[in-house]
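# Close look at the chain arrangement
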Amino acid sequence: MHATLTLCSTCGYDPAAPEAERPGERFARRIEARIAERGAPALRLERTACLMACKRHCTAALRAPGKYAYVLGDFAADDDAADALLDYVARYQASDTGVVPYKQWPEGVRGHFIARLPPPGGSL
């Protein structure tokens, strides 16, 4: 089953430097680079202009048919954060419902969850 990871490429807008590259764009590029290096089977990567979690940038949404969906944020735009998120994605993909036991969460995603959404049609 394919999972979709949507990254906010506009996260981290700085009104003092409106033309500066945003951290969300840097984070999206880091995720793409790490996927290219290590692979991520059955993962579709998307970018969006806004996930409306501006105070918790950099943000990502993870979803798959029939599974809970998650929004995560407060990531640095670096390799450690990209690796932690992709490690969590792999565990999410391996689960039946999208629920990954807390003990299996990579340290780098703990404290980064913003929301959990049930799959369409109700909770599992």
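Quick caveat, the model's predicted, so the values are computed rather than measured.

## Points about the overall build of the protein
Helices and strands together make up the secondary structure of the protein, namely two helices and five strands. Along the protein, helices (α) and strands (β) appear in the sequence β-α-β-β-β-α-β when read from the amino end. A compact globule built from 124 residues would reach a C-alpha radius of gyration of about 14 Å, and the protein, at 14 Å, matches this within 12%. Counting only C-alpha atoms, the protein reaches 45 × 30 × 25 Å along its principal axes. By residue count, 40% of the 124 residues in the protein fall in the buried class. Accessible surface, the protein: about 6700 Å² in total, of which carbon and sulfur atoms supply 54%. One finds the centroid of the 16 positive side-chain charges in the protein at a distance of 6 Å from the centroid of its 15 negative side-chain charges.

## What to know about helix α2 (residues 79-94)
For α2, with 16 residues, the first-to-last C-alpha span of 23 Å sits near the 22 Å given by 1.5 Å per residue. Inspection of α2 places Ala81, Ala82, Asp83, Ala84, Leu85, Leu86, Tyr88, Val89 and Tyr92 among the buried residues, and these make up the whole buried set. Looking at the buried positions of α2, the neighbouring elements they touch are β1 (3-8), α1 (23-38), β2 (43-48), β3 (60-63), β4 (69-72) and β5 (113-117). At the N-terminal end of α2, a side-chain oxygen is found 3.3 Å from the backbone nitrogen of aspartate 80, two or three residues along, and the residue is aspartate 78.

## Looking at the side chain of histidine 112
Looking at the element boundaries, histidine 112 is found in the loop between α2 and β5. For histidine 112, a relative accessible area of 15% corresponds to the buried category. There is a polar contact of 3.2 Å between the side chain of histidine 112 and the backbone oxygen of aspartate 74. At a separation of 3.3 Å, a polar atom in the side chain of histidine 112 contacts the main-chain carbonyl oxygen of glycine 108. Apart from the residues lying within four places of it in its own chain, the contact partners of histidine 112 are Arg56, Val71, Leu72, Gly73, Asp74 and Phe75.

## As for α1
Structurally, the α-helix is built with 3.6 residues per turn, so residues lying three or four positions apart point the same way. Compared with the 22 Å implied by 1.5 Å per residue over 16 residues, the 22 Å span of α1 between its first and last C-alpha is a close match. Within the sequence span of α1, burial applies to Pro23, Gly24, Phe27, Ala28, Ile31, Arg34 and Ile35. The buried side chains of α1 occupy one side of the element, clustering within an arc of 140° when seen end-on. Across α1 from its buried face, at more than 90 degrees, point the exposed residues Ala36 and Glu37. Glycine 39 occupies a position one or two residues after α1 and carries a positive phi of about 80°.

What counts, and where the lines are drawn
- Residues numbered from 1 in each chain as written.
- Predicted model: local features only at pLDDT ≥ 70, side-chain atom pairs only at ≥ 80, totals over all residues.
- Heavy atoms only, no water.
- Helix = DSSP H or I, 4+ residues; strand = E, 2+ residues; numbered from the N terminus.
- Rg over C-alpha atoms; globule rule 2.2 N^0.38 Å.
- Buried < 20%, exposed > 50% of the residue type's maximum accessible area, 1.4 Å probe, protein only.
- Areas by Shrake-Rupley, 256 points an atom, 1.4 Å probe, with all protein chains shown as cover.
- Lys, Arg positive; Asp, Glu negative; His and termini not counted.
- Charge placed at Lys NZ, Arg CZ, Asp CG, Glu CD.
- Expected span 1.5 Å × (residues − 1).
- Contact = heavy atoms within 4.5 Å.
- Polar contact = N/O pair within 3.5 Å; in protein donor to acceptor, adjacent residues only side chain to side chain.
- Arc of directions from axis to C-beta.

Functional significance is not addressed by these values, which are geometric in nature.
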